Amino acid sequence: MKLPFKHYKLLNFLDSKQWQFQLSVLLFLLVLATTYPKYIELLNDPSPVTTYQYLFEKIECPLTPLLNGDIESHGSKIAFRLTPVLLAKLLGTYDLHNGQGIIQLYLLQSLLLLPFLYMLTKVVYELTDKYTTVWTVVAFSAVYTSTAFFWDYDFWFDGYAYFFLMAAMYFRNRIGIFLMLQLASWTDERAIAASIGVFLFYTLMENNFQLIRMSQIIPSSIKKRAAIVIISLLTYLFLRLYLTLFFNLHTPIGNNAGVGLELIEYQINHRLIGLFLSFEGLWLIFVVTIIVSLRKGNFILATLLICGILIHIIVAFSVFDISRSLAYAFPYFIVCTVILFKNHRLALNNSLSVSTLLCILVPTQFLIYFVRPIPWTIFSYSEIIVVGKNVFYALK
């Protein structure tokens, strides 16, 4: 199907050889303009090294258990989140200006949105066509997954995890897939659930996105890319157990820690809207995929997709920060798009534009305890001016 954009001069670049990169740059700039990077307010703090002591202690001694006694705090949850702290240590600028240098880690995360969008464009285009790719990537740029690269102010660093997961789907080299999944898993534990989506992606790719028999789920060779995902998961579990036993690292769970299955009922009763807000219009693609698969009698595929998303929903509703947790499920929405393209093109064409328009029209919001609107950068000039003044006075 041809793109219906030929009469719009602003979109003429879609006919160029570099359209994938140019589309990624355009969407990167749009996300930047509509997502206020709240982390820049870190520069208003004269001594982040004191305010966020737990983080700087973790950077200095990554394998030392945190002494922070508040098990409900974010600091108590980062025992195994080694990728960001090791990267900060590698950059070596985190302790500049009493800790304000840590902002470089945020800036790098924001810049990674550009290659994230580019890899997403390449992956979708490899398996579909230009029409599907443009609509899909635009939809992703308008949901929380892309926003997270800028909207980070409490050292979550989910953007890094999303980038590594996308890279694992982009690379075809087995070592690259393994390394990207390891980096994602050691950025945040929620990447483990997302790795299952990456496994399904490669399993379907190796079967031309058709799953008829349960035996197709089992990799036929250890050299298969899907098998590499399993090896990565087992490696992570082994290393995590090792760090627990020999370095006394652990993550608190339970109601007092704000992490546990007992939270699910309360979250569903009070914050169910977080389910929709995480992917907005992209849920339409998922629902259509399930309906069409069931009508075609492909119960195995429908079951795997539903179970995969349910794992993410359970994880997300077992904590308070629903939006950033559920956003880790983005590989499933890529998978659903390709399934519809390969097997049910008419259903995809009828729903894709509607899905994307919903993503654009619904304001991206963040849910942790309550729904929070995300300010636009272009309308946050007063906050930016305050930060600029503080930086200017600090440099005088």
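Our structure is the block above this text.
Residues numbered from 1 in each chain as written. Predicted model: local features only at pLDDT ≥ 70, side-chain atom pairs only at ≥ 80, totals over all residues. Heavy atoms only, no water.

*Asks:* What am I meant to see in the packing of aromatic side chains here?
*Replies:* For any pair of aromatic rings, the description rests on two quantities: the centre-to-centre distance and the angle between the ring planes. Under the criterion given, the structure shown has 34 aromatic pairs. With centroids separated by 5.5 Å and ring planes inclined at 75°, the aromatic side chains of Trp-151 and Tyr-153 adopt a geometry described as edge-to-face. Their ring planes at 70° and their centres at 5.1 Å tell us that Phe-201 and Tyr-202 sit as a pair that is edge-to-face. Given the relative accessible area of 0%, Phe-201 is considered buried. Residue Tyr-202 is classed as buried on the basis of its relative accessible area of 0%. Members of the aromatic cluster, joined through ring pairs, are Tyr-39, Tyr-52, Tyr-106, Phe-155, Phe-157 and Tyr-160. (Phe/Tyr/Trp six-rings, centres within 6.5 Å; stacked < 30°, edge-to-face > 60°. Buried < 20%, exposed > 50% of the residue type's maximum accessible area, 1.4 Å probe, protein only.)

*Asks:* Hey, could you run me through unusual backbone geometry in this one?
*Replies:* One can expect most non-glycine residues to show negative phi and most peptide bonds to be in trans. The phi dihedral of Asn-98 falls on the positive side, at around 60°, and the residue is not glycine. Following the sequence through the fold, Asn-98 ends up in the loop between helix H4 (82-91) and helix H5 (103-111). (Helix = DSSP H or I, 4+ residues; strand = E, 2+ residues; numbered from the N terminus.)

*Asks:* Just checking my understanding: could you explain helix H19 (residues 345-361) for this structure?
*Replies:* Because each turn of an α-helix spans 3.6 residues, side chains separated by three or four positions end up pointing in the same direction. In this model H19 runs 25 Å from its N-terminal to its C-terminal C-alpha over 17 residues, within 8% of the 24 Å that 1.5 Å per residue would give. Approximately 30° is the largest bend angle found in H19, and it occurs at Ser-351. Where H19 is concerned, the buried positions are Leu-348, Asn-349, Ser-351, Leu-352, Ser-355, Thr-356 and Cys-359. Where H19 is buried, its residues contact helix H7 (130-141), helix H14 (273-279), helix H15 (282-295) and helix H18 (330-343). (Expected span 1.5 Å × (residues − 1). Bend = angle between axes of the 7 residues up to and from the residue. Contact = heavy atoms within 4.5 Å.)

*Asks:* For this particular structure, what's the right way to read the pairing of strand S1 (residues 365-368)?
*Replies:* The side chains of a regular strand alternate between the sheet's two faces. Bridge analysis of S1 against strand S2 (residues 370-373) gives four bridges, and the strand direction is antiparallel. What sits directly across from Gln-365, in S2, is Pro-373. (Pairing = 2+ DSSP bridges.)

*Asks:* Even after reading the chapter, I still don't get the packing of H15 against helix H16 (residues 299-316), so can you show me in this structure?
*Replies:* Packed helices, taken two at a time, are described by the angle between their axes plus the distance between the axes. Contact pair H15 / H16: the axes reach a minimum separation of 8 Å and the direction vectors enclose 150°. As summarised for this structure, H15 and H16 are arranged roughly antiparallel, according to the angle between their axes. Our pair here, H15 against H16, has a crossing hand that is left-handed. Here H15 contributes Trp-283, Phe-286, Thr-289, Ile-290, Ser-293 and Leu-294 to the contact with H16, which in turn contributes Phe-299, Leu-301, Ala-302, Leu-305, Ile-306 and Ile-309. Taken together, the residues of the contact of H15 with H16 break down into 10 nonpolar, two polar and no charged. (Axes fitted to C-alpha atoms, helices over the stretch in contact; angles between N-to-C directions. Parallel < 35°, antiparallel > 145°, perpendicular 65-115°, else oblique. Left-handed = near helix turned anticlockwise from the far one by under 90°. Nonpolar A, V, L, I, M, F, W, Y, C, P; charged D, E, K, R; others polar.)

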